[in-house]
Amino acid sequence: MIYIKLIWAYIKIGIFGFGGGYAMLSLVEHSVVDPGWISETMFTDIVAISQMTPGPIGINSATYIGYTAPGTVSPELYSGTMYGILGSLLCTLAVVIPSYLMVLYASHFIARHRESGTIKHIFAGLRPVVVGLIASAAILLMNNANFNPNGIRWQLISNILICVAAFLLVYFPIPWKGRKIKLHPILVIIIAGITGFLLYGI
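Note that this is a predicted model, so its numbers are computed, not measured.

Student: Help me understand the packing of helix 8 (residues 153-171) against helix 9 (residues 185-201) in this model?
Tutor: For any two helices packed against each other, one specifies the inter-axial angle together with the distance between the axes. Two elements in contact, helix 8 and helix 9, have axes whose closest approach is 10 Å; the angle formed by their N-to-C orientations is 165°. Considered as vectors, helix 8 and helix 9 are oriented roughly antiparallel to each other. As for the relative orientation of helix 8 and helix 9, their crossing is right-handed in sense. Facing Trp-154, Gln-155, Ser-158, Asn-159, Ile-162, Ala-166, Leu-169 and Val-170 of helix 8, the residues of helix 9 in contact are Pro-185, Val-188, Ala-192, Thr-195, Leu-199 and Tyr-200.

Below, the structure written as structure tokens:
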């Protein structure tokens, strides 16, 4: 049954997904897209929505995927919203509870052994792994579903330009009247949304 499979998948994600939501994305993609529960295009849309809504991206994506996957796998479940709400609740709890229990124990253990050389070495080894996982998530999202879903060349070029422009606007300050201003990421999201609507919605 799809609910049991979702619970098991998100228990594994909750246990082995470390480094934050972005570092978990490749594991989430492998767990829910490869079995065919949701499509790659749907996954990238869910990631975008999870980034824009309040809360951690890992938990948000679990909630959205839990709502969507049951109806995708079993069309008879698509007709009722309660099936989606049940999937959202199960996936959210499955990804949160293992992490909560592990952090609860780990924080107590680390507080007792914070000066331990072994603990320091473990964290020193985890840092580059987290960077690598976040980089893999960025590469994972550089796909046709994000940049060229319709197979149209001008859309691919415009999407790449939007991505580059968004990065530049967030990362580099803009000279303005003798001082430098950094745009807030929320403002950049709004600008990108308006640009996408003007390009594709009209």
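Student: Explain the packing of helix 2 (residues 21-32) against helix 3 (residues 40-52) here, please?
Tutor: In contact at an axis separation of 12 Å, helix 2 and helix 3 are set at 145° when each is read in the N-to-C sense. Here helix 2 runs over helix 3; the crossing is right-handed. Counting all contacts with helix 2, which are made through Tyr-22, Leu-25, Val-28, Glu-29 and Val-32, the residues of helix 3 involved are Phe-43, Val-47 and Gln-51. Residue composition of the contact of helix 2 with helix 3, by class: six nonpolar, one polar and one charged.

Student: How do you make sense of helix 1 (residues 2-16) when you look at a structure like this?
Tutor: What sets the pattern is the α-helix's 3.6 residues per turn: residues three or four places apart point alike. Here helix 1 spans 21 Å end to end across 15 residues, near enough to the 21 Å set by a 1.5 Å rise per residue. Every buried residue belonging to helix 1 is among Ile-2, Tyr-3, Leu-6, Ala-9, Tyr-10, Ile-13 and Gly-14, and all of these are buried. Looking straight down helix 1, one finds its buried side chains confined to an arc of 135°; they lie on one side. Along helix 1, exposed side chains directed more than 90 degrees from the buried face belong to Ile-4, Trp-8 and Phe-16. The inward-facing, buried residues of helix 1 contact helix 2, helix 4 (57-73) and helix 5 (81-112).

The rules behind these values
- Residues numbered from 1 in each chain as written.
- Predicted model: local features only at pLDDT ≥ 70, side-chain atom pairs only at ≥ 80, totals over all residues.
- Heavy atoms only, no water.
- Axes fitted to C-alpha atoms, helices over the stretch in contact; angles between N-to-C directions.
- Helix = DSSP H or I, 4+ residues; strand = E, 2+ residues; numbered from the N terminus.
- Parallel < 35°, antiparallel > 145°, perpendicular 65-115°, else oblique.
- Left-handed = near helix turned anticlockwise from the far one by under 90°.
- Contact = heavy atoms within 4.5 Å.
- Nonpolar A, V, L, I, M, F, W, Y, C, P; charged D, E, K, R; others polar.
- Expected span 1.5 Å × (residues − 1).
- Buried < 20%, exposed > 50% of the residue type's maximum accessible area, 1.4 Å probe, protein only.
- Arc of directions from axis to C-beta.

Worth remembering: the numbers are spatial, not functional.
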